[in-house]
Amino acid sequence: MPPPELPPDDVLTGLLLAGDEAAFAQVVDAWSPGMRRLARVYVSTEESAAEVVQEAWLAVVQGIGTFAGRSSLRTWVYRIVANIARRRGGREARTIPAGAVGNDGGDRGDRGDGAGPTVDPARFAPAGEPDAGHWQRPPAPWPEQALLAGEVRAEVAAAVAGLPARQRVVITLRDVHGYDAAEVCSILEISAANQRVLLHRARAAVRLCLERYLAGGEEEP
């Protein structure tokens, strides 16, 4: 049986302001799993992500009176999660031993946004050729059954986990949580252009990982 639908933001905000315990429990149940996945983008362990969510809910209870309705209530809550998780992730990055970085996804700091080319330039026809700048060989279509396989989903998860932090959080919000571009910009407080670049780079990197996996691990020519 699906969970009951949450009331509209204005009603829900009023219930939370009034200290309605049933409404608070309902929204906690509905949003906490997604909040934990968002927090996990920044922090080193599941336990740390759970603590971020607890801290975020406390901040929501204490700050609900400041919610001005300029975004959806869920976007406002997710922005709180992102800010708390980012701070905690920064503290963890300063205390995790260097040899532990990369174990269990432990590197949750900002490893840069991948300023190089989004796609290997060797995949395009070079200058001077008739089709310069176009694909020399377009990406091959992926078999539908392979994309549905659990091991492929695991490859996708691993590819996302290996992205620079800012790319990782944008693709998680867009393609896992289903937020639109404007909501992601509001949650992360970034420009629309920055969001587009981060998402494009993240999707390109994940696609390349999948191409190599579905080709049997062979490197691209």
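1. Here we look at the side chain of Arg 168
Then step 1. You can see Arg 168 is positioned in helix 7 (residues 165–176).
Then step 2. A polar contact of 2.7 Å, which involves the side chain of Arg 168, links it to the backbone oxygen of Val 41.

2. Quick word on the layout of surface pockets
Then step 1. The computed volume of the largest pocket comes to approximately 430 Å³.
Then step 2. In terms of lining residues, the largest pocket is bounded by 17 residues, among which Ala 157, Val 160, Ala 161, Thr 172 and Val 176 are the most central.
Then step 3. Going through the elements one at a time, helix 2 (21–42), helix 6 (150–161) and helix 7 are the ones with two or more residues in the lining of the largest pocket.
Then step 4. When its residues are assigned to classes, the lining of the largest pocket shows 8 nonpolar, 1 polar and 8 charged.

3. Digging into the packing of helix 2 against helix 7
Then step 1. Between helix 2 and helix 7, whose axes approach to 9 Å, the crossing angle comes to 165 degrees. Comparing their axes, helix 7 and helix 2 come out roughly antiparallel. Viewed along their axes, helix 2 and helix 7 form a crossing whose handedness is right-handed. Where helix 2 abuts helix 7, its residues Arg 37, Leu 38, Val 41 and Tyr 42 lie against Ala 165, Arg 168, Val 169, Thr 172, Leu 173 and Val 176.
Then step 2. Of the residues belonging to the contact of helix 2 with helix 7, the class tally is 7 nonpolar, 1 polar and 2 charged.

4. Describing the nonpolar core
Then step 1. Counting residues in each nonpolar core, the largest one holds 45 residues, and the members touching the most others are Met 35, Tyr 42, Trp 57, Leu 173 and Leu 188.
Then step 2. Looking at this core, the elements with two or more residues in it are helix 1 (9–17), helix 2, helix 3 (46–63), helix 4 (73–95), helix 6, helix 7, helix 8 (181–188) and helix 9 (192–214).
Then step 3. If sequence neighbours within four positions are ignored, Met 35 has contacts with Val 53, Ala 56, Trp 57, Val 77, Tyr 78 and Val 81.

5. Some points on the confidence of the model for the chain
Then step 1. Mean pLDDT over the chain stands at 80; residues scoring 70 or higher make up 71%.
Then step 2. Ranking the helices and strands of the chain by mean pLDDT puts helix 3 first, with 96, and helix 5 (residues 144–148) last, with 53.
Then step 3. The low-confidence segment residues 96–112 (pLDDT under 50) makes 28 contacts with residues lying over four places distant or belonging to another chain.
Then step 4. Contacts from residues 217–221, a stretch scored under 50 in pLDDT, to residues over four places away or in other chains number 9 contacts.

6. Quick notes on unusual backbone geometry
Then step 1. Positioned with a positive phi, Glu 189 is a non-glycine residue whose angle comes to about 55 degrees.
Then step 2. When you line up the elements, Glu 189 lands in the loop between helix 8 and helix 9.
Then step 3. With a relative accessible area of 58%, Glu 189 lands in the exposed category.

7. Some thoughts on the packing of helix 1 against helix 2
Then step 1. Following both chains from N to C, one finds helix 1 and helix 2 inclined at 120 degrees, their axes separated by 9 Å at the closest point. Between helix 1 and helix 2, the angle falls in the class oblique. On helix 2, the residues that touch Leu 12, Leu 15 and Leu 16 of helix 1 are Ala 23, Phe 24, Val 27 and Trp 31.
Then step 2. Here the residues of the contact of helix 1 with helix 2 are counted per class, giving 7 nonpolar, no polar and no charged.

8. Quick notes on helix 1
Then step 1. Every buried residue of helix 1 is listed here: Leu 12, Thr 13 and Leu 16. Considered in projection along helix 1, the buried side chains sweep an arc of 100 degrees and stay on one side of the axis. Facing away from the buried side of helix 1, by more than 90 degrees, are the exposed residues Asp 10 and Leu 17.

9. Regarding the pattern of salt bridges
Then step 1. Applying the stated criterion to the full structure yields 4 salt bridges.
Then step 2. In this structure, the salt-bridge partner of Glu 46 is Arg 40, at a minimum N-O distance of 3.4 Å.
Then step 3. Residue classification places Arg 40 among the buried residues on the basis of a relative accessible area of 13%.

10. Section: the environment of Ala 39
Then step 1. With respect to the element layout, Ala 39 can be found in helix 2.
Then step 2. For Ala 39 and Arg 86, which are 47 residues apart along the polypeptide, the C-alpha to C-alpha distance reads 8.0 Å.
Then step 3. Among all residues touching Ala 39, those that are not within four sequence positions of it are Ala 49, Val 52, Val 81 and Ala 85.

Criteria and thresholds
Residues numbered from 1 in each chain as written. Predicted model: local features only at pLDDT ≥ 70, side-chain atom pairs only at ≥ 80, totals over all residues. Heavy atoms only, no water. Helix = DSSP H or I, 4+ residues; strand = E, 2+ residues; numbered from the N terminus. Polar contact = N/O pair within 3.5 Å; in protein donor to acceptor, adjacent residues only side chain to side chain. 1 Å grid on protein atoms, 1.4 Å probe; cavity = no way out; pocket = protein on both sides within 12 Å on 5 of 7 lines; lining within 4 Å. Points joined across faces, edges and corners; volume = space filled by probe spheres on them. Nonpolar A, V, L, I, M, F, W, Y, C, P; charged D, E, K, R; others polar. Axes fitted to C-alpha atoms, helices over the stretch in contact; angles between N-to-C directions. Parallel < 35°, antiparallel > 145°, perpendicular 65-115°, else oblique. Left-handed = near helix turned anticlockwise from the far one by under 90°. Contact = heavy atoms within 4.5 Å. Core = buried A, V, L, I, M, F, W, Y, C linked by side-chain atoms within 4.5 Å. Buried < 20%, exposed > 50% of the residue type's maximum accessible area, 1.4 Å probe, protein only. pLDDT = per-residue confidence, 0-100. Arc of directions from axis to C-beta. Salt bridge = Lys/Arg side-chain N within 4 Å of Asp/Glu carboxyl O.

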